[in-house]
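Residue-level structural notes
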Amino acid sequence: MKNSRLMILAILLLAGILITQLSQIPNLNKQLVQAKATLKKVKTSQKQSQIIVSSPQSQQATVSDSTSQVNKFVQTFSNQPTSSYPETLKGMATEKIINELTQTFAPSVTFSDKAHYDVPIVAIKNAWGSDLEYLVMAKSDAQNVAYTITYDTDEKQVTDMSRLTLKGAFDNEK
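Residues numbered from 1 in each chain as written. Predicted model: local features only at pLDDT ≥ 70, side-chain atom pairs only at ≥ 80, totals over all residues. Heavy atoms only, no water.

**Quick look at the sheet that holds strand E1 (residues 118-126)**
The strand order across the open sheet formed by four strands is E1-E2-E3-E4, and the pairing between neighbours is antiparallel. On the outer flanks of this sheet lie E1 and strand E4 (157-164), each paired with one strand and no other. Strand-to-strand twist of the sheet, defined as the mean angle between neighbouring strand axes without regard to direction, takes the value 25°. Here nine bridges tie strand E2 (residues 131-139) to strand E3 (residues 144-152), and the two strands are oriented antiparallel to one another. If you follow aspartate 131 over to E3, its bridge partner there is aspartate 152. (Pairing = 2+ DSSP bridges. Helix = DSSP H or I, 4+ residues; strand = E, 2+ residues; numbered from the N terminus. Axes fitted to C-alpha atoms, helices over the stretch in contact; angles between N-to-C directions.)

Right under this line is the structure:
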């Protein structure tokens, strides 16, 4: 009798453990799905990092192409009337940037046929990631203007821009 009571107690204990384990299966399945999704993201990120590291020529080509696009963008907006920005800058910059340029970033000297801006300096500030940061100088006979520009290599557009204050004496400033 004592043995049968011990057997019944052991069976109930094992049944309780089994029920507890079975009730945890849905939670474990959720955790498994989350772990697989995280693993997939990490592998994708690692693959992108390996591509950048293993093929610097590819990254260099992207940076080179982006630099020429930023140069073209600055040449275009510096030598066009602000009224033509929506048409001439479409595809080169986001609508936000085009609107900001039209309203605030146009240099104080009026753009005209007489004021031609050259872009002697397009320096890369940050070359890693999909957003490249540039420091750009535009200069004319009347003034020098500096900008920081963020170019998104995925969208192939200028996504952020700010005009910098130049301090100091410049021989061509009037």
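**A look at the pairing of E4**
Relative to E4, E3 is paired through seven bridges, and the arrangement is antiparallel. The partner of alanine 146 across the bridge, within E4, is leucine 164. In sequence, E3 turns back onto E4 through a hairpin of four residues, with lysine 156 there showing a positive phi of about 55°.

**Notes on a nonpolar patch on the surface**
Nonpolar side chains collect at one region of the surface, where Leu13, Leu14 and Ile17 lie side by side and expose about 310 Å² of accessible area between them. On the secondary structure map, leucine 14 appears in helix H1 (residues 2-23). (Patch = residues over 30% accessible without salt bridge, like charges linked within 9 Å, V, L, I, M, F, W, Y side chains within 5 Å. Areas by Shrake-Rupley, 256 points an atom, 1.4 Å probe, with all protein chains shown as cover. Salt bridge = Lys/Arg side-chain N within 4 Å of Asp/Glu carboxyl O.)

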